[in-house]
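Examining the three-dimensional arrangement
Here are the chains, one letter per residue:
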Amino acid sequence: MPGSGRIEMLTLQEVQQAAQALQGKIENTPCLHSRTLSQMTGCETYLKFENLQFTGSFKERGARFKLESLTPSERGRGVIACSAGNHAQGVAYHAQQLGIPATIVMPEFASAVKVARTRAFAAQVVLQGKNFDEAKTEAYRLAQQKDFVFVHPYDDEKIIAGQGTIALEMLQACPQLDVLVVPIGGGGLMAGIALAARNLKPELQIIGVQTQRFPSMWSALRQQTPEFGVSTIADGIAVKQPGRITQDLIRQYVDDIVLVDEADIEQAIVALLEIEKTVVEGAGAAGLAAVMRYRERFAGKRVGLVLCGGNIDPLVLAGIIERGMARAGRLARICVEVRDTPGGLAEVAQQLARSGANIDQIHHHRVFSTLPVQSVEIEFVVRARGLEHVAEMVQALIQLGYHARHVP
């Protein structure tokens, strides 16, 4: 409940204590200025590379601080956690380091990469539920049945304090920041960062980011009933029920929460890969997605973004890269109507080659077509320099008498 005495006990001092406890046990990740992204977004952009933690996300911070706070008796009982993947790895890895038995409940459709990595840290993995919330229910059941210590992914003061150490590092490395933009799932990351940052630099603007498909905290702060999508590329922040402690802290310290869609996040993932040569998952790209979507809001400001995780399935990443290339016109579909006679395909292919296209795929459409039976529609998937180049290729074909069009 807002204003409860217990929540008031969480202070900047505890975040600073967490920072001392974590020295040498987690990475003090770089916080670097990106000149290219600054030009692209219109604001001075600084990136906190939490994807460079050993397990690929910020979750190690809270997990380690929480585990170190356990009594010998609690450590002996073993711990259990629920997670879509990053909290799972953070708890499993640091439990292994501390000699604590760990059980992790993950959704059935969790990333194969995250499941494999969690098992690699000697944790017992239970796949249960279609989403995070169903996995959490199973984790609570097992905790009660087997007397495990439950390590909450976000609604725990030790977890929040551990995550808040990111703000200490960012403001030490880049004290000139005007704005922090932080992804929000259950709210542990944002609650810790906001608590620390607001106390260290009261004038700092603090903005949260959620996806339009999972706007749980955004809706809670507006006292609205959220509508959820089936899935999101940002599975790390796909939480339907925000925390009680985190919600109170966010309500107190955060200026606003904005929403981004799937295309925004995919574009941000590709930009970080291409420009910064760094791999982030959907949740990790949410901050940049917000800055790119709401350019006017951040224009001219010094903005710190938290790249909170990098654990993305390689097949998903490959699909996102291809979709990004298609949006940029670097991979395009051009459909051309050709008389169904020998040499027709070759003529069009030669013209595309003269235009500088590299043909990836060719598809003939004879049966499922409204064209005359003597004609065939040929779909070329080509590599190009961009949308302008695609338009030039289509125009060249039209000038030669072909019915041609670019299919987005």
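Everything here concerns the structure above.
Structural notes, computed from the coordinates.

Definitions and limits used
Residues numbered from 1 in each chain as written. Predicted model: local features only at pLDDT ≥ 70, side-chain atom pairs only at ≥ 80, totals over all residues. Heavy atoms only, no water. Pairing = 2+ DSSP bridges. Helix = DSSP H or I, 4+ residues; strand = E, 2+ residues; numbered from the N terminus. Axes fitted to C-alpha atoms, helices over the stretch in contact; angles between N-to-C directions. Contact = heavy atoms within 4.5 Å. Salt bridge = Lys/Arg side-chain N within 4 Å of Asp/Glu carboxyl O. Buried < 20%, exposed > 50% of the residue type's maximum accessible area, 1.4 Å probe, protein only. Core = buried A, V, L, I, M, F, W, Y, C linked by side-chain atoms within 4.5 Å. Phe/Tyr/Trp six-rings, centres within 6.5 Å; stacked < 30°, edge-to-face > 60°. Lys NZ or Arg CZ within 6 Å of the ring centre and 35° of its normal. Right-handed = clockwise from strand over helix to strand, strands pointing away.

1. A look at the sheet that holds strand 2 (residues 44-48)
Strands sit in the order 1-2-10-7-8-9 across an open sheet of 6 strands; the sheet is mixed. One side of each edge strand has no neighbouring strand; the edge strands of this open sheet are strand 1 (31-34) and strand 9 (256-260). The average undirected angle you get between the axes of adjacent strands in this sheet is 25°. The pairing of strand 1 with strand 2 spans 4 bridges and is antiparallel. Opposite His 33, over in strand 2, you have Tyr 46 as the bridge partner. Strands strand 7 (179-183), strand 8 (205-211), strand 9 and strand 10 (302-306) of the sheet are contacted by helix 14 (residues 286-293), whose axis makes an angle of about 90° with strand 9.

2. Things to note about the pattern of salt bridges
Any two side chains of opposite charge can pair, given that their charged atoms come close. If you walk through the whole model with that rule in mind, you get 23 salt bridges. Residue Arg 61 pairs with Glu 169 through a salt bridge whose shortest N-O separation is 2.8 Å. Placement of Arg 61 in helix 4 (residues 59-68) and of Glu 169 in helix 9 (residues 157-173) is noted, with a sequence separation of 108 residues between them. Since its relative accessible area comes to 0%, Arg 61 is described here as buried. A relative accessible area of 12% places Glu 169 in the buried class. A salt bridge links Glu 266 to Arg 327; the nearest nitrogen and oxygen atoms lie 3.3 Å apart. You can see Glu 266 sitting in helix 13 (residues 262-275) and its partner Arg 327 sitting in helix 16 (residues 314-327), a full 61 residues away along the chain.

3. Some points on the nonpolar core
Val 181 and Ile 269 are the most contacted members of the largest nonpolar core, which totals 77 residues. Among the elements that line this core, the one with the most residues is helix 10 (residues 188-200), at 8 residues. By size, the runner-up hydrophobic cluster in this structure holds 22 residues, among which are Ala 92, Ala 95, Ala 110 and Ile 159.

4. Digging into the sheet that holds strand 14 (residues 403-407)
Spatially, the 4 strands line up as an open sheet ordered 12-13-11-14, and their pairing is antiparallel. Taken across any chain shown, the strands that pair with only one partner, and hence form the sheet edges, are strand 12 (358-365) and strand 14. The mean angle between the axes of side-by-side strands here comes to 25°, regardless of whether they run parallel or antiparallel. When strand 11 (residues 331-339) meets strand 13 (residues 375-383), the two strands line up antiparallel, connected through 9 bridges.

5. Quick look at the packing of aromatic side chains
Where two aromatic rings form a pair, the distance of their centres and the angle of their planes describe that pair. Summed over all chains, the structure comprises 5 aromatic pairs. Through pairs of rings, three or more aromatic residues link up here, namely Phe 54, Tyr 93 and Phe 121. The ring of Phe 54 has Arg 117 sitting right over it, with the charged end atom 5.7 Å from the ring centre.

6. Some points on unusual backbone geometry
The phi torsion at Ala 122 lies on the positive side, around 70°, for a residue other than glycine. Tracing the chain through its elements places Ala 122 in the loop between helix 7 (112-120) and strand 5 (124-127). Assessed through its relative accessible area of 60%, Ala 122 is described here as exposed. Positive phi, normally seen in glycine, also occurs at Asp 147, with a value near 60°. When you line up the elements, Asp 147 lands in the loop between helix 8 (132-146) and strand 6 (149-150).

7. Points about the pairing of strand 8
Successive side chains on a regular strand alternate, one facing one side of the sheet and the next facing the other. Among the 7 residues that make up strand 8, 6 are buried, leaving the element largely enclosed by the rest of the structure. For strand 7 and strand 8, the ladder comprises 5 bridges, and the chain directions are parallel. Within strand 8, the position partnered with Leu 180 by the bridge is Ile 206. Viewed along the sheet, the connection from strand 7 through helix 10 into strand 8 turns out right-handed.

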